[in-house]
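# An overview of the molecular structure
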Amino acid sequence: MRDRESNGLTLQIQWLDRFHLAAEQLARGDLREVPFRQLNVQKVLGRDFIPYKTQVHAWQEILNENTVFVVSGTGSGKTYAILLGILEKLLKNSSEHCLVMFPMKALAQDQEVQLRNLCAQFNFTVQRYDSSVDPEVKAKIRETPGELLIITPDTLLGSLSGSKNEKWRKYLASSSMIWIDEFHAMSGTLGTALCYLLRILHELQPTLRIYCTSATLANVYEIVRQFPSPPTIIEGGSQHGDIRIHVGTVYQFPKVLELVLRDTGQFLLFLEHKRKIEEIMAELSLFSRHVERYHADLPDGERHLILEKFRKKELKGLLCTSALGLGINIPSVRNIILYRFPRSFSLLFQEMGRGTREYNTSGNLYLLLDDTRLIDTYYLHHLPELKADIFSYQSEPVILDLLNTRILRGMILFAVKMGLTTLTTLRRVFKEAQDKGHLERSLTWLLTRGYISKKQEEYSFLPTSATPFLFDFILNLRPGFPKFKIVQLVPQTGEKLELGYITAEEIPYRACRGNYFSKARCCYAIQAIDIHRREIHVVENEEHYVSKNQVLTTLTLVTEIKFKTIERGVQVQLAEFRVQIRPQDIRNFRVLQTKLGESYPEPSFAPKPTNRIGRSFELNFTTKGVLLEFSLSQTKEMSESVLYQLAKLMLKVAVLLVNVSENEVDCFQDFCSHRLYFLDRSGPTGVSQQLYTHMEAILRKTYQILVTCPCENGCEKCAIPLQGNYLMPNFQSNDPYRKKELLTLLREVLLDCE
């Protein structure tokens, strides 16, 4: 197949498949219906600008003082639908201000430049306040925050909870408008806490109006029931030109790159890893061809400069990670290259949506598959299914859990801290919990822990005991575990030196009291762990040791939420689990220098006595998860590594099908009881509910993808190296991976598999 460019040059590329997405157009509105009196939209956005009907509708609702939720596809002008309405309100009333929330700091940093450029003509101040901002700059922002403040939900919670600057706290609590962009990315614990936060702020400021935008949200009508006041839902379609989709292989990448370099339009090349971006830039000397790279490791200023040059068409293309997959809108982008299949279909559509955004244009998506990767290989052998999966993709719902115990306790405590102290008010804010009896139980728990007190029907916040608990709750709203600071104690001077950090899940098997911490060829003995301050205290040690403890991981089912049996008797439970990770055997290995490098002999001393181990750090937390239990007949004579391989392969498929991040889920296998656990790392509300819903489809797709691999009994492509995680840090198996056993298990589990 020949691709001809406008400059007359041709390149011969044999595509595996080609198809196209027909252009979609949103209905245009009427300028005469624009309700603005202060703002001239054509002066702001250009004389040729004609709004969409969805934009006009949103502006009318905003000026009628209504809460608005815009759900519309890529290229449909959602940003202007909200932002211009906010600007009109600010022009009419200079005493108002608006908080702007983005789900990720990287997205907030990029959108900050665009908002500033647009608002500069009105002399409105736009500032960004999050953990990446310099402390001195943050101090100035607290004094003069301006009309629009970009802030993340957890930063807002932290500032309202901990700041001693009353002026700053009053500014945040008295916002008349809050705009939440990319709402679909707020799923899980963060989204649930955000819904309660909006209710609390609305209770404090009844005139607060909330505006939300989202490109993909399957359950918007369910979500808006959690808002403090019912919003007007404005649904629109997508706006894009005719997109020709070309399916090839990564071996065709040099020709494809040359193809887009010759094209008259700009291009974006999406790669998964920053290292690969730098390699391609250096190997192909792309700087000389007006191509730049864009990823999160670049300094903020450099990223902003690169993006601005790209907008001005001073650059031909960008090599970027998925950090550019949200929110970017540059009409001159005609070509998108996806180097390897993206992690999920959701990401595929986000990245594809960065190009060909105007209806009367045409562009290209080049999807280059890699036959060294398992999922890519599957689609290389099932091209019709790839096309069908692209055309049939549906967005996933946002998951909220307003009855979650941990979130309830944290947000009730926050509400009391903010002055919502009467039982009547708390019942109004936490109405679902009140209906189910959870509100009183949560209040009783907070009372017995000494975090609040009660006098008659009014509650009071007790700062000494409650503040550490509240901050711990806020710090754990996002995926991952808290970090502990490594502090060296200098006996001679009493000085404390910071040596670095270690995350909580690593402590039981690496850094208990009696273990050692190494840095810069120095060894430090761990003397104590301060859980409340999140500090590990160490002193320097002359000899060098490495610590690798044995741990015992215990999972206890606390509450069963849902249960089902799928296919041939596989039992699946969605439940709340209590996880305890406890060191059983503290081991320290002396490091010896040999001609071949460092070596670790047997432990240099015997394990610590049981009572010493009992006082060591234990990791305890409660989370939601999915339990997959096979029957004895299905797993008889099965090697131990098969369950491990199955769990890892299922996670890869889940990422593909339901947009689950592998960083949000942890696997634990109990071989003796034939059980697999998939646990939410992000906290008690997360992606496990999606795993439960789609478990049968995930198992079936896992089989289909695995059987496509042409190897006989396992290869580098389909075999996953045995690596422990914090739940199983010392996991080892002498059983080799045997693909035939895994396929046999899946055939035993699934119906109609040959």
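Described below are features of the structure shown in this document. (Residues numbered from 1 in each chain as written. Predicted model: local features only at pLDDT ≥ 70, side-chain atom pairs only at ≥ 80, totals over all residues. Heavy atoms only, no water.)

## As for the pairing of strand E18 (residues 458–461)
Here E18 shows one buried face, formed by Tyr459 and Phe461, and one open face, formed by Glu458 and Ser460. The loop that links strand E17 (residues 452–455) with its antiparallel partner E18 comprises two residues; one of these, Gln456, has a positive phi angle of about 55 degrees. (Buried < 20%, exposed > 50% of the residue type's maximum accessible area, 1.4 Å probe, protein only. Helix = DSSP H or I, 4+ residues; strand = E, 2+ residues; numbered from the N terminus. Pairing = 2+ DSSP bridges.)

## Observations concerning helix H11 (residues 274–283)
Every buried residue of H11 is listed here: Ile277, Ile280 and Met281. Down the axis, H11 shows its buried residues gathered within 100 degrees of arc, on one side only. Exposed positions of H11 whose direction lies more than 90 degrees from the buried face are Arg275, Ala282 and Glu283. In the stretch just after H11, Ser285 is the one whose phi turns positive, near 50 degrees. (Arc of directions from axis to C-beta.)

## Some remarks on the packing of helix H6 (residues 153–162) against helix H20 (residues 463–475)
With their axes 10 Å apart at the nearest point, H6 and H20 run at an angle of 170 degrees to one another. Between H6 and H20, the angle falls in the class roughly antiparallel. Across from Asp154, Leu157, Gly158, Ser161 and Gly162 in H6, the residues of H20 making contact are Leu470, Phe471 and Ile474. Residues of the contact of H6 with H20, tallied by class, amount to four nonpolar, three polar and one charged. (Axes fitted to C-alpha atoms, helices over the stretch in contact; angles between N-to-C directions. Parallel < 35°, antiparallel > 145°, perpendicular 65-115°, else oblique. Contact = heavy atoms within 4.5 Å. Nonpolar A, V, L, I, M, F, W, Y, C, P; charged D, E, K, R; others polar.)

## So, the pattern of salt bridges
Pairing between side chains becomes possible if they bear opposite charge and their charged atoms approach one another. Under the defined criterion, the tally for this structure stands at 34 salt bridges. A salt bridge links Arg128 to Asp130; its shortest N-O distance comes to 3.2 Å. Take Arg128 and Asp130: they sit in the same class, and that class is buried. Note that Arg534 is salt-bridged to Asp472, the shortest N-O span being 1.8 Å. With Arg534 in the loop between strand E22 (522–530) and strand E23 (535–541) and Asp472 in helix H20, this pair connects stretches of sequence that are 62 residues apart. Judged by its relative accessible area of 15%, Arg534 is buried. Beyond isolated ion pairs, a larger network of salt bridges with shared partners links Glu112, Arg116, Arg128 and Asp130. (Salt bridge = Lys/Arg side-chain N within 4 Å of Asp/Glu carboxyl O.)

## A look at the sheet that holds strand E21 (residues 516–519)
The strands making up a sheet associate through backbone hydrogen bonding, with each pair oriented either parallel or antiparallel. Spatial strand order, E20-E19-E23-E22-E21: five strands in an open sheet with mixed pairing. Among the strands making up the open sheet, the edge pair consists of strand E20 (495–503) and E21. In this sheet, neighbouring strand axes are inclined to one another by 35 degrees on average, regardless of whether the strands run parallel or antiparallel. As judged from the four bridges shared by E21 and E22, these two strands associate in the antiparallel manner. Bridge assignment links Tyr516 to a residue of E22, and that residue is Ala525.

## A look at the sheet that holds strand E8 (residues 177–180)
Strand order in the open sheet formed by seven strands is E6-E7-E5-E8-E9-E4-E10, and the pairing between neighbours is parallel. Where the open sheet ends on each side, the last strands, each with one partner, are strand E6 (126–129) and strand E10 (232–235). Direction aside, the axes of adjacent strands within the sheet are offset by 15 degrees on average. Pairing of strand E4 (residues 68–71) with E10, which is carried by four bridges, proceeds in the parallel orientation. Following the sheet pairing, Val71 is matched in E10 by Glu235.

## A short note on the packing of H6 against helix H16 (residues 405–417)
Between H6 and H16, the shortest axis-to-axis distance is 10 Å and the interhelical angle comes to 45 degrees. In this view, H6 runs oblique relative to H16, as classed from their interaxial angle. H16 is crossed by H6, and the crossing has left-handed handedness. Only Met411, Phe414 and Lys417 of H16 make contact with H6, whose side of the interface consists of Leu157, Leu160 and Ser161. For the contact of H6 with H16, the class distribution of residues is four nonpolar, one polar and one charged. (Left-handed = near helix turned anticlockwise from the far one by under 90°.)

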